[in-house]
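Structural characterization, general
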Amino acid sequence: MKKTAILAGLIALVFSSPAFSESVQIGLSAGNDAVMASLELQKEQDFGIIAAGVTMDYVRDEYNLWEGLLAFRKDELVPGVKFGLGFKGYLGEVDSEDSVTEGKLSALAFLFEGAVELTSAMNPATIPVEAFGAVSYAPPSLSFDETESVQEYRGGLRFYLLRNAFFSLEVKHRILEFEERGLGEWERDDTILSGGVTLKF
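An account of the accompanying structure is given in this report. (Residues numbered from 1 in each chain as written. Predicted model: local features only at pLDDT ≥ 70, side-chain atom pairs only at ≥ 80, totals over all residues. Heavy atoms only, no water.)

Once that is clear, we can look at the side chain of S136. Relative to the elements of secondary structure, S136 occurs in strand β7 (residues 129-138). Setting aside chain neighbours within four positions, we find S136 in contact with K88, Y90, A109, F110, L111, V150, Q151 and E152. (Helix = DSSP H or I, 4+ residues; strand = E, 2+ residues; numbered from the N terminus. Contact = heavy atoms within 4.5 Å.)

What follows is the structure, given as structure tokens:
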């Protein structure tokens, strides 16, 4: 519980900082028995973009999951290519797939993300389209409470309908591993297909 409180405190500290006030992204998406809402604050620096965000995942009646993000992004080294490195925190309670038990999720993951704008040869549409992907991994040493490890793989397409708005199609695969006293190890494995809209202010 103490480590969970520390993670929550770090996320709150990031959002209370006046540095993250240049632009705001708000997103809402839905998929197979899942709803996701996100808020991300970004600040441009000479060396790139610093982003901090929070996402709420509601998956069926089986778990609610909060994710905190702190990342550094760069998009100038290669034209049309973006990449990012950072950390992602996970907090929540997760039911097992057979609904026999519930595990407390608390972890800090390493985050790797990237995106590339599709060229005209690959994109027949008249609007910009971007392919993106991200990998998050929390090893046992950064997994707390009953959590053993967290793996998350994301990929999809973003369709830029307006300068400050895009529609996204995404597939997310998440593997959550737990160990509980008297129950041993168990795993929650989910694949979520979703579509949604993100606005930037």
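For A165, the location among the structural elements is in strand β9 (residues 165-180). Classification of A165 as buried rests on a relative accessible area of 9%. Filtering out sequence-adjacent residues up to four positions away, A165 remains in contact with F159, Y160, T198 and L199. (Buried < 20%, exposed > 50% of the residue type's maximum accessible area, 1.4 Å probe, protein only.)

The next subject is a nonpolar patch on the surface. A contiguous nonpolar patch, built from L77, V78, V81, F83, L85, F87, F110, F112, V116, V135 and Y153 and spanning about 930 Å² of accessible area, is present on the exposed surface. Those elements that place two or more of their residues in the nonpolar patch are β5 (81-95) and β6 (102-117). Per-element tally for the nonpolar patch: the top contributor is β5, with four residues. (Patch = residues over 30% accessible without salt bridge, like charges linked within 9 Å, V, L, I, M, F, W, Y side chains within 5 Å. Areas by Shrake-Rupley, 256 points an atom, 1.4 Å probe, with all protein chains shown as cover. Salt bridge = Lys/Arg side-chain N within 4 Å of Asp/Glu carboxyl O.)

Turning our attention to the packing of aromatic side chains. Evaluation of the coordinates by the stated rule reveals four aromatic pairs. With a centroid separation of 6.4 Å and 35 degrees between ring planes, the pair formed by F159 and F167 is classed as tilted. The exposure class assigned to F167 is partly exposed, which follows from its relative accessible area of 30%. With a centroid separation of 5.2 Å and 50 degrees between ring planes, the pair formed by Y160 and F166 is classed as tilted. What makes F166 buried here is its relative accessible area of 10%. Looking at R158, its charged tip hangs above the ring of F132, at a distance of 4.0 Å from the centre. (Phe/Tyr/Trp six-rings, centres within 6.5 Å; stacked < 30°, edge-to-face > 60°. Lys NZ or Arg CZ within 6 Å of the ring centre and 35° of its normal.)

One broad rule of soluble globular proteins: the nonpolar side chains tend to lie buried together. Y90, V94, L105, V150, L176 and F178 are the most contacted members of the largest nonpolar core, which totals 16 residues. Mapped by element, the contributors of at least two residues to this core are β2 (34-45), β4 (63-74), β5, β6, β9 and β10 (184-200). Ranked by the residues each element gives to this core, the list is headed by β6, at three residues. Excluding residues within four positions of it along the chain, L105 makes contact with L65, Y90, L91, G92, V94, T147, V150, L176 and F178. (Core = buried A, V, L, I, M, F, W, Y, C linked by side-chain atoms within 4.5 Å.)

Time to look at the sheet that holds β6. In spatial order, the strands read β1-β2-β3-β4-β5-β6-β7-β8-β9-β10; together these 10 strands close into a barrel with antiparallel pairing. Ignoring which end each strand starts from, the neighbouring axes of this sheet average 20 degrees apart. Sheet analysis places β4 next to β5, joined by 12 bridges and oriented antiparallel. The residue bridging L69 from the neighbouring strand is K88, located in β5. (Pairing = 2+ DSSP bridges. Axes fitted to C-alpha atoms, helices over the stretch in contact; angles between N-to-C directions.)

The subject of this paragraph is the environment of S23. By the element assignment, S23 lies in strand β1 (residues 23-31). When the C-alpha positions of S23 and A51 are compared, they lie 9.6 Å apart, and in sequence the two are 28 residues distant. If we skip the residues at most four places from it in the chain, S23 touches E40, L41, Q42, K200 and F201.

Once that is clear, we can look at the side chain of R188. Note that R188 resides in strand β10. Looking at R188, the relative accessible area reads 1%, which means it is buried. Looking at R188, its side chain comes within polar contact range of the main-chain oxygen of D95, at 2.9 Å. Engagement of the side chain of R188 in a polar contact is seen with the side chain of D190, the distance being 2.9 Å. Sequence-distant contacts of R188, defined by excluding residues within four places in its chain, comprise R60, E62, Y63, V94, D95, S96, E97, R174, I175 and L176. (Polar contact = N/O pair within 3.5 Å; in protein donor to acceptor, adjacent residues only side chain to side chain.)

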